Structures are given as C-alpha cells and as structure tokens.
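Summary of structural features
These are the residues of each chain, in order.
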Amino acid sequence: GILLGRLFDSLDAELPETASFSSGQEPRGPERWPKNLADIFCVGGLGGMVSFPQFWIALEDLLMCRQLWEEPGLQKYLKDGASPGGVSLGNWRWFLVQVQDEAREVVESAEAQLRKLSAPDITGAGHLSLYGLSRYLCSLANAFFDPRRCKMNNDMTRPLCEYWISSAHHVHCDVGGIAGRAAAASDELHQCAETASIGCSSDAAAEPKGALEAVLRSSCRAVGLALDWVQQGRSGGSLHVLLQQDRMPLAEALQVVEGNAFKATSMPLILVLHLGRLSAAQSSLVPAALSEGLGPRLFRGSRDEGTATRATASASMGLGNLPSPEDARDHVIVVLAPAAKGWDPSLEPDAPPALRPAPSTSTTMSRGEGDRADVLGVWQEASKNFTIWTGAPLDSHFPNQLLDEVSVNFLPCDELRALEKGKNQQMLEYHRQYMTMAFPVATRTAPANFNLATAWSCGVQMAAVGLTLGGDDGAVLAHTGRFYQDNGGCGYVLKPMHMRMEVGRQLTDAVPTAPDRLRLDLRLLAARAVPCLGEAMGLVSVAVSIWGAPGDCSRQVYKPARPVGPGLLAWPEALPAEDGTTPKPMSFAIAAPSAAVLVLELMELDTTAGGARRIAFFAAPVDGLRQGPRLAPL
C-alpha cells in the first residue's frame with residue numbers, strides 16, 4: 001500500500017489519461033508510465049528483486065483489472081464520458097442501487113465513503129478509480145454472503161425445536177479430517193462475525209481425542225458418543241467411547257467435552273449417548289460418570305424466573321418443557337439414543353438383552369428384565385439431578401408427545417427420504433413442536449453421508465453429518481455452508497417463520513407461508529490467490545452445487561482452464577463475447593430457498609495421482625446471498 005501510494009503520488013493531475021487501466025485501451029502497459037516511476041524500483045535494492053513491469057503485470061492480475069474493465073455490467077459506470085477514467089459519485093450511487101441492490105443507508109453513505117479515500121483509490125477528479133473499485137469489490141464488506149448474518153442476529157430465546165442445530169454423527173474419525181482443520185481455524189470462527197471469511201487450516205489431530213476435540217471446537221452443538229465396555233482382566237473393565245475404529249476412556253472423553261465444548265461458542269451442547277453396546281450393569285455406571293466428568297455443566301432445567309416464564313410459554317404452545325438456547329447457555333443436555341436397528345450397522349445384529357423391550361405377554365420378570373428395571377431406576381434417579389431426554393425411533397404416524405416430557409426422535413436417512421416424498425407437510429407440522437435427529441446409515445469401515453438439506457427442508461432440527469469423510473465429502477461442505485458463518489457461527493440457526501410455532505399464534509391461526517421460489521443466476525468472473533497442488537498450477541475447473549430439497553439439488557461445472565496470470569483463474573464460459581454481450585450464466589431454480597445451501601468448489605486436475613482434487617471452496621445459505629458483483633472468500 002505504501003509503495004502504491006508513492007507510485008500514484010508521483011503522477012500529476014492527469015493520472016486518468018496516463019495510467020493504463022484508466023484509459024479506454026486494454027490494460028497492461030507499464031511503458032506508458034513516466035520513467036521516474038520505474039526508477040523507484042532501482043533504489044534501496046528493490047531493483048534486484050522485482051522490476052516495475054513485473055510488478056505492474058502482477059498488480060493488474062490480482063486487481064482483476066481486465067475482468068472488471070471488460071465486464072458488461074460495469075461498462076456504463078466505468079466508461080461514462082462525463083467521468084472518464086473513474087466512477088463519479090452519481091454513477092457510484094446508481095451502481096449501488098441498480099447493480100448491488102444495497103440498502104438505503106449504504107447508498108446515502110456513499111459520498112462520505114468516497115471522501116475518506118485517497119489516491120490511488122480515487123482519481124485526481126475525485127472519482128472512484130478502477131483500482132478503488134477493485135479494492136471495494138474484493139473486500140469483505142462486499143461479501144457474497146450478507147455480513148450482517150455473520151453476527152449473532154437470531155432470537156436465542158425460542159424453544160430448541162425452532163432451530164437448525166449443527167450436529168455430528170457418533171462415528172468420529174481416529175485422526176482429524178475436516179473437523180481437525182475446522183478446529184485449527186476455531187479462532188477464525190470468532191472473527192467470522194466481523195470478516196465473513198471461511199478459513200481452513202491443514203493441521204490434523206494426531207491422537208484419538210483430537211478428533212473429538214476438533215468436532216467440539218468447530219461449533220457442532222449436537223454430538224453423538226457411542227459407549228463401549230473394555231474388559232480389563234477377568235473381573236474389571238471400564239467405560240469407553242468408540243470412535244471410528246479406536247476407543248478412548250469415557251472419563252477422558254468427558255474431560256475433552258468440558259475443556260473444548262464452549263471455547264468457540266457458549267450455546268448449549270446436546271450430548272447424544274448411544275448405549276447399545278453396554279449391558280444393563282455397565283449402562284448403570286454412566287450417570288455417575290457424567291456427574292463426575294461434567295458436574296455443573298449438566299443442564300438442570302428451569303431455575304430462574306425468566307427461564308420458568310419461557311418454559312410456561314413453550315408449554316402453552318404445545319412445546320413441552322423445551323428450553324431455549326439462552327436458557328441452557330454454557331450447559332450440556334444429555335440425550336439417550338434408542339437401541340434401534342440402523343443406528344450403527346457395523347455394531348449389529350441385536351442390542352444387548354438388557355435393553356431389549358420386555359415381551360408384552362410375560363407375567364414374570366426374567367433375570368434380564370430385572371436388570372433392565374434396575375438400570376431404568378438408576379437413570380430415573382439421575383434425572384432428578386440433571387436433565388435427561390430419552391430417544392425413540394420416529395413414528396411415521398406423528399403422534400403427539402406428553403407435554404411434561406421431552407423425547408427426541410431418531411430418523412435414519414433412508415426413511416427420511418421416503419417421508420419427504422410422501423409426508424412432507426406432515427413432517428413440517430410435526431417439527432414445529434418436536435425434535436428429531438436424522439443420521440446416515442453406513443458402516444464404520446465405509447462411512448457415507450446423505451443430503452442434509454433434505455432434513456432441513458422438512459423442519460428436522462438435527463441432521464447429523466459424519467465428519468469422518470472430511471473435505472472430500474460434499475455433505476460436509478453443505479454443513480459448513482449452513483452453520484459456519486450464519487448467526488455468528490454459534491451452531492444454532494433459527495428456522496424460517498413458516499417452520500416455527502410463533503408465540504401468540506394459536507394452532508388454529510393461519511400458518512406463515514414459505515418464501516417464494518427463487519432463480520439464482522451466477523457467473524464466476526475470476527478467482528485469485530488460489531493455491532495449487534504442485535509447484536505450478538495446472539487445469540482448474542469450478543463446480544457450483546445447490547444442496548436443498550430433493551427437487552432443488554443441482555450442479556453445474558465450468559470446464560478446466562489454465563491460469564491467465566499469477567494465481568489468477570478465469571473460465572471462458574464466463575467471459576463476455578467479442579461483441580461485449582454478457583455470457584449465459586449458470587441458472588438454478590430453487591423452490592425452497594430457505595433450506596438451500598450453495599457450494600462453490602475449485603478442483604485441480606492431479607496429473608500425478610489422476611482425477612480432480614478440491615483445492616478451495618465457498619459455501620453459504622442461499623437466502624443470505626446478495627446480488628451484483630460480489631466476493632466469495634475461499
């Protein structure tokens with residue numbers, strides 16, 4: 001910046017006619033500059049590092065001068081005869097209104113913003129230069145996803161059933177995948193509210209507990225733990241948490257929860273425990289382990305007057321005793337998952353006898369049934385000290401639950417697809433009041449995910465993603481797009497109004513309607529500062545996907561292209577035609593925009609291993625995207 005200032009300060013007032021990218025000719029022409037400018041590079045040893053022509057060529061590429069100068073949508077603002085070589089204040093205001101569709105306060109502050117600028121952001125005539133325009137368009141203030149949504153902006157006093165909740169499946173990887181990178185970027189998560197950036201580090205967890213740490217620090221607010229028993233000698237043993245293939249002691253896992261669950265956000269953590277691998281005697285030890293490991297972190301229900309008032313309001317709407325995120329802030333809510341088929345195929349066939357339902361025709365208790373009664377008593381006693389929610393398979397008949405109890409439904413992804421097709425409206429109505437976790441059905445040795453947005457479009461609060469697959473899985477990118485930036489990245493996003501039960505609205509009142517259908521037209525002008533797999537960048541393609549309701553899902557791709565400059569990519573499909581006409585954009589028809597997520601991926605052809613590898617991505621909710629030329633931080 002200092003160097004650019006020196007360059008532009010050395011010019012006279014005729015800068016627009018002298019600078020190459022202010023002229024009407026094609027940019028790139030350092031010979032047009034006065035000789036004294038090039039002399040700057042020959043003092044202080046700079047001449048041995050970079051020549052002025054080399055600097056200028058790289059500068060034009062990184063500022064994307066050529067792409068902006070030739071962009072049809074900017075022509076009338078940049079090449080207006082009344083303000084040659086820059087954008088006048090009047091044109092700048094019209095640009096903000098007609099192209100960017102900015103809010104009124106942004107347009108009204110345009111003059112004050114221009115006054116704060118100096119060369120080279122403005123020309124000698126006080127107009128916004130092409131350099132200043134590029135700087136603005138590539139700034140985070142001009143981010144594709146609305147920066148206002150990157151701050152915590154939702155009402156956090158609503159019952160939990162009215163939020164989408166960032167959820168991780170209980171099959172945690174043994175070493176860090178994308179969860180490890182997200183954990184390493186946890187500091188960037190806090191900056192997200194101010195910067196709207198997406199950042200991923202490359203550090204991976206090196207030991208079993210690292211995977212769990214990564215999940216917690218990446219703001220997942222519903223985390224599953226599959227408990228197991230490890231025999232130690234003939235008569236001893238201890239409770240463990242089963243990861244993808246490894247195990248770690250439950251006591252150590254709870255220490256990880258205590259130390260990491262609330263570093264990135266203070267919103268409550270829902271801890272989903274799977275007990276299907278334990279006998280009755282073994283599962284009866286879990287409540288004591290929870291009390292010892294988490295202690296005051298365990299949520300104990302309504303305690304203060306405000307919480308009690310909100311609980312009463314929730315009950316009046318038929319929402320039972322569901323707390324709000326604000327009520328349970330900094331606390332852990334325990335949920336017991338049902339021992340149902342499909343929750344972990346590699347751990348079947350059947351659940352231990354002690355946890356199987358008792359035969360309805362039996363009149364006497366066998367030894368196994370007695371053990372089951374004992375363990376239920378232990379858990380009932382524990383529920384007096386901290387909140388415990390039971391889980392059950394989702395009943396496709398959608399029965400009402402008791403008002404004084406909270407039960408979480410569990411739904412395999414294959415059943416979710418069937419219900420979405422045949423009972424979509426019933427699903428929406430049901431999940432205004434009751435909570436459900438949808439989960440993938442796959443073995444530990446061959447993990448797979450599902451379309452999480454299908455669950456969100458049906459009102460399901462928790463769509464558990466398997467982070468084991470890391471950044472090679474599109475569902476993980478969609479999950480990132482839904483939660484990483486929105487509402488400050490806290491892991492809770494308030495569902496749209498038509499999916500909620502509003503306070504004061506009776507069950508007989510008209511339900512708010514869903515947002516209108518949306519058509520998204522998108523062109524990717526260029527990508528800059530893109531990393532590469534090797535020393536030199538090869539062919540790079542770009543893919544844009546919509547993750548949403550099944551009918552909305554779509555994917556379009558630009559063909560692989562080589563860089564057009566140092567770290568700069570542009571694709572022929574997005575370039576204007578020779579006659580200056582705008583090329584045909586990628587077009588997406590989206591019926592349920594509130595549940596849809598846009599994912600943009602850059603993939604480089606790997607000449608060594610073969611195939612394409614993802615080198616960068618951007619993801620965000622569709623209903624938070626802004627029109628006009630925008631920046632998508634990769």
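This structure is a prediction, so every number in the text was calculated from the model and none was measured.

With that settled, the discussion passes to the environment of P393. You can see P393 is positioned in strand β7 (residues 388–393). Using a relative accessible area of 48% as the deciding quantity, one classes P393 as partly exposed.

Further remarks concern the confidence of the model for the chain. Averaged over every residue, the pLDDT of the chain is 79; residues scoring 70 or more account for 75%. In the model of the chain, helix α2 (residues 15–18) stands out as the element of lowest mean pLDDT, 35, in contrast to strand β11 (residues 492–494), which has the highest, 97. Below pLDDT 50 for its whole length, residues 10–38 participates in 56 contacts with residues either more than four positions away or in separate chains. Counting contacts from residues 175–206, a segment whose pLDDT is below 50, to residues more than four positions away or on other chains yields 70 contacts.

Glancing now at unusual backbone geometry. Note the cis peptide between A119 and P120, where omega equals 10 degrees. Along the chain, P120 turns up in the loop between α9 (110–115) and α10 (130–137). In the Ramachandran plot, N487 falls in the positive-phi region, its phi being about 55 degrees despite a non-glycine side chain. Residue placement: N487 occurs in the loop between α22 (474–483) and β11. Even without glycine at this site, A529 takes up a positive phi of about 55 degrees. With respect to the helices, strands and loops of the structure, A529 is situated in the loop between β13 (527–528) and β14 (540–547).

Let us look at helix α19 (residues 413–422). Within α19, the full set of buried residues consists of C413, L416, L419 and E420. Seen along its axis, α19 keeps its buried residues to an arc of 110 degrees; they face one direction. For α19, the exposed residues lying more than 90 degrees away from the buried face are A418, K421 and G422.

Attention now goes to the packing of helix α14 (residues 250–260) against helix α16 (residues 286–294). Contact pair α14 / α16: the axes reach a minimum separation of 9 Å and the direction vectors enclose 40 degrees. It follows from the interaxial angle that α14 and α16 lie oblique. Relative to α16, the crossing made by α14 is right-handed. Here L250, L254, V257 and E258 of α14 lie close against α16, whose contacting residues are A289, L290, G293 and L294. When its residues are assigned to classes, the contact of α14 with α16 shows 6 nonpolar, 1 polar and 1 charged.

Take the sheet that holds strand β19 (residues 612–621) next. Strand pairing in a sheet takes place through backbone hydrogen bonds and is either antiparallel or parallel in direction. Ordered by their spatial adjacency, 4 strands build an open sheet running β15-β14-β18-β19, and the pairing between neighbours is antiparallel. One side of each edge strand has no neighbouring strand; the edge strands of this open sheet are β15 (554–561) and β19. When strand polarity is set aside, the average angle formed by the axes of neighbouring strands in this sheet is 15 degrees. Pairing between β14 and strand β18 (residues 597–605): 8 bridges, direction antiparallel. By the bridge assignment for β18, A543 is matched with E601.

Residues L269, L271, L273, V286, L290, M427 and W456 are the most contacted members of the largest nonpolar core, which totals 70 residues. Of the residues forming this core, the biggest block, 5 residues, is contributed by α14. Setting aside residues no more than four positions away along its own chain, L290 makes contact with L254, L271, L273, G295, L298, V334, W379 and F386. Y558, F588, I615 and V622 belong to the second largest nonpolar core, which has 30 residues in total.

What follows is about the pairing of strand β6 (residues 332–337). Most of β6 sits out of view: 6 of its 6 residues are buried. Residues of β6 alternate between two faces, with V332, V334 and L336 on one and I333, V335 and A337 on the opposite face, all of them buried. Pairing geometry for strand β5 (residues 269–274) and β6, over 6 bridges, is parallel. If you follow L269 over to β6, its bridge partner there is V332.

Parameters and conventions
- Residues numbered from 1 in each chain as written.
- Predicted model: local features only at pLDDT ≥ 70, side-chain atom pairs only at ≥ 80, totals over all residues.
- Heavy atoms only, no water.
- Helix = DSSP H or I, 4+ residues; strand = E, 2+ residues; numbered from the N terminus.
- Buried < 20%, exposed > 50% of the residue type's maximum accessible area, 1.4 Å probe, protein only.
- pLDDT = per-residue confidence, 0-100.
- Contact = heavy atoms within 4.5 Å.
- Arc of directions from axis to C-beta.
- Axes fitted to C-alpha atoms, helices over the stretch in contact; angles between N-to-C directions.
- Parallel < 35°, antiparallel > 145°, perpendicular 65-115°, else oblique.
- Left-handed = near helix turned anticlockwise from the far one by under 90°.
- Nonpolar A, V, L, I, M, F, W, Y, C, P; charged D, E, K, R; others polar.
- Pairing = 2+ DSSP bridges.
- Core = buried A, V, L, I, M, F, W, Y, C linked by side-chain atoms within 4.5 Å.

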